[in-house]
Amino acid sequence: TIDGGKKWTTVPSEIKEQLYSLTFTGENLRTGFAVGIYGKILKSDDGGSSWKTLNANTSEHLSKVSFFDANNGAIVGANGLVLITKDGGENWKSGSPCGQFLMTDIKFLSASKIVTIGQGGCVAQSVDGGENWTKINMFSRADFLSLAFSDDKNGWLTDSNGMVWLTGDGGTTW
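Residues numbered from 1 in each chain as written. Predicted model: local features only at pLDDT ≥ 70, side-chain atom pairs only at ≥ 80, totals over all residues. Heavy atoms only, no water.

(A) Here's a closer look at the packing of aromatic side chains. This structure, assessed with the given rule, holds five aromatic pairs. Between F68 and F108, the ring centres sit 6.4 Å apart and the planes meet at 40°, which makes this aromatic pair tilted. Taken together, the residues span a long stretch of sequence, with F68 in the loop between strand 5 (62-67) and strand 6 (73-77) and F108 in strand 9 (residues 103-108) at a distance of 40 residues. With a relative accessible area of 11%, F108 lands in the buried category. Ring centres of F144 and W165 lie 5.5 Å apart, and the angle between their planes is 90°; on these two criteria the pair is classed as edge-to-face. One end of the pair, F144, is in strand 13 (residues 144-149); the other, W165, is in strand 15 (residues 164-167), and 21 residues separate them in sequence. (Phe/Tyr/Trp six-rings, centres within 6.5 Å; stacked < 30°, edge-to-face > 60°. Helix = DSSP H or I, 4+ residues; strand = E, 2+ residues; numbered from the N terminus. Buried < 20%, exposed > 50% of the residue type's maximum accessible area, 1.4 Å probe, protein only.)

Listed below in structure tokens is the structure:
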């Protein structure tokens, strides 16, 4: 849409599979990324008018995408997968900070600090842009479903038991 949501138009992409998450970043929010089943990753450099497929060498279902800027991004998905890029999606590094649990959400708090959540009570954070991860002890085995931050310190997550968890230190304690 270019009129505040009054009229919507569809834009064809190179795939027909389901897409689960979408984000825009960069100057004037012109760089977009979308992720979905079978490891599908799409990128737009023109505000969503056109899309190209990126390859991260995975066929896992991808559930959420987050970018700090046009270069630094992360994707989470099935079987504990976390993908990190530092070059706008040209190359991806994979990790599994929580074992084989489905990862459900991920957020950049800065270019170097990232928080991710998943099933089985999984919360993990990285302070070096996704090179290394620390699993946070949550004293819960609930599935964590959604994650939001208002700034680099204050955040919330929801779980499968209807609880909302709060952090005031960037995800180190909840």
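(B) Summary view of the sheet that holds strand 8 (residues 93-95). Read from one edge to the other, the open sheet built from four strands follows the order 5-6-7-8, with strand pairing classed as antiparallel. The open sheet terminates on both sides in strands that have one partner only, identified here as strand 5 and strand 8. Direction aside, neighbouring strands of the sheet carry axes that sit 20° apart on average. Sheet topology places strand 6 next to strand 7 (residues 82-85); four bridges connect them, and they run antiparallel. (Pairing = 2+ DSSP bridges. Axes fitted to C-alpha atoms, helices over the stretch in contact; angles between N-to-C directions.)

Taken by themselves, the reported measurements are silent on function.
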